[in-house]
Amino acid sequence: MRPETEAALAEAVASADGPLRIVGGGTRSVGAPVGGAALSVAGLSGVELYEPGALTLVVRAGTPVAEVEEVLAGEGQRLAFEPMDHRALLGTEGAPTMGGVVAGNISGPRRIQVGACRDALLGVRFVDGRGQVLRNGGRVMKNVTGYDLVKLMAGSRGTLGVLSEVAMKVLPTPEAVATLTLHGAGREGAFDAMTRAMKSPFEVSGAAWVPGAGAVHLRLEGFAGSVAYRADRLTALLSDLGEVAVETGAEANAALWRAIRDVEALADLPYVWRVLMAPGALRAGIRGDLDRTARFERLYDWAGGLCWIGMSAEQAAEYAPLYGADDAVSGAVRFHRDLQGAMADPEFGGGHATLVKAPQEVRAQVSVFQPDPAPLDALARGLRAQFDPRGILNPGLMG
């Protein structure tokens, strides 16, 4: 099913006699395998309203992100939360859509400065599980009616409703950008560097540690004079930790942060986890068998608050014998459960581990998303029952 209008989308949901698998651009496969008839929102495409002077944008949910970015670039503006493109990591095709970005609350390295996708949302229109069209929020920043529900839809992954339209604020593209790259600090020095940078007054808009070269990258944006001054001061602040190089080329900076945003360093690995936690909680591994994570590839973003863990098939197979198995699938399943169990420890401040990439035979055996504590799980189930009483929208995706 590929409705071309919101009314047709509502009719498709209302008349459904079984589960529906909500599809946008088809570039993200995070979550448990979802059955049911495919319902694509790709036909709901186009910019409905764009007011550069008011920094507001309204688009239909199936609009490709690339199309939106092109429109904004023409006015010197951008989606400040720089949504990730999952295609390189997951090996998928298609085109990321605005509805998919909002449904997944997809946010990139700049989240540490400007907030997440949900923080840019002003309003949404969506079809609930009954086939009713609902509207919350507005099209301008002054209208905050239903604002909390707008935020609730961000990250709901189609389990509360099928988005048909999203309104959000945009921001100007800065005049200049510079990235400070710190070499030779090691992993512990990397966390020290990111902590110093974030506690400084120099308005860092990106802080990441990338495997391989083992380099820390710190991004500064703004007016050219300000960026130059802050780069010089931040270099002095970090000089005792290692050698600092400064890159000011626009294209080089764009390529570097795109690679960090899209986790390209882990793209060749079959198993990838996304872990949210207190910054630096995984820096030295986790006690017990999970100390083996120190050998796995990791990419730290958000100054250490986001950790991407990549595992090869060989490493997964090595993990399996600890639990009486000898194959990669069993090892990956067990590691996933151990990782989520560790995240439930208060030491990690309510951390969350999500399985982002794995063969379907692994994804089918585990809770892909971190299980919620009982009170929060009850609240989430109650919300889904209210918005989708028949349980037909992406059933089983969120547990």
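It should be emphasised that the depicted structure is a prediction, and the values quoted were computed from it without experimental measurement.

Thresholds, definitions, all that
- Residues numbered from 1 in each chain as written.
- Predicted model: local features only at pLDDT ≥ 70, side-chain atom pairs only at ≥ 80, totals over all residues.
- Heavy atoms only, no water.
- Helix = DSSP H or I, 4+ residues; strand = E, 2+ residues; numbered from the N terminus.
- Buried < 20%, exposed > 50% of the residue type's maximum accessible area, 1.4 Å probe, protein only.
- Contact = heavy atoms within 4.5 Å.
- Areas by Shrake-Rupley, 256 points an atom, 1.4 Å probe, with all protein chains shown as cover.
- Lys, Arg positive; Asp, Glu negative; His and termini not counted.
- Charge placed at Lys NZ, Arg CZ, Asp CG, Glu CD.
- Phe/Tyr/Trp six-rings, centres within 6.5 Å; stacked < 30°, edge-to-face > 60°.
- Pairing = 2+ DSSP bridges.
- Axes fitted to C-alpha atoms, helices over the stretch in contact; angles between N-to-C directions.

Peer 1: Looking at this structure, I do not really get the overall build of the chain. What am I missing?
Peer 2: A count of helices and strands for the chain gives 14 helices and 17 strands. Oriented by its inertia axes, the alpha-carbon framework of the chain measures out at about 65 × 60 × 35 Å. Buried residues in the chain amount to 52% of all 399 residues. Considering only contacts in the chain between residues 6 or more positions apart, those separated by 24 or more positions represent 72%. As displayed, the chain offers around 16,500 Å² of accessible surface, 53% of which is attributable to carbon and sulfur atoms. Considering the chain, the positive charge centre built from 38 side chains and the negative charge centre built from 45 side chains are found 4 Å apart.

Peer 1: In this structure, what is going on with the packing of aromatic side chains? I would like to understand it.
Peer 2: Any two aromatic rings considered together are summarised by their centre-to-centre distance and by the angle between their planes. Within this structure, the stated rule accounts for seven aromatic pairs. Here Phe 191 and Tyr 300 contribute two aromatic rings whose centre-to-centre distance is 4.8 Å and whose plane-to-plane angle is 80°, an arrangement assigned as edge-to-face. Residue Phe 191 is located in helix α8 (residues 186-199), and its partner Tyr 300 is located in strand β15 (residues 297-301); the two are separated by 109 residues in the primary sequence. Note on accessibility: Phe 191 and Tyr 300 belong to one class, buried.

Peer 1: For this particular structure, what's the right way to read the environment of Cys 307?
Peer 2: Considering the arrangement of structural elements, one finds Cys 307 in strand β16 (residues 306-311). Between the C-alpha atoms of Cys 307 and Val 275, which are 32 residues apart in sequence, the distance is 5.1 Å.

Peer 1: Explain the sheet that holds strand β8 (residues 162-169) to me, please; I cannot follow it from the model alone.
Peer 2: The strand order across the open sheet formed by five strands is β3-β4-β8-β6-β7, and the pairing between neighbours is antiparallel. Two strands close off the open sheet at either side, each with one partner strand: β3 (47-51) and β7 (133-137). Averaged over all adjacent pairs, the angle separating strand axes in this sheet is 10°, with direction ignored.

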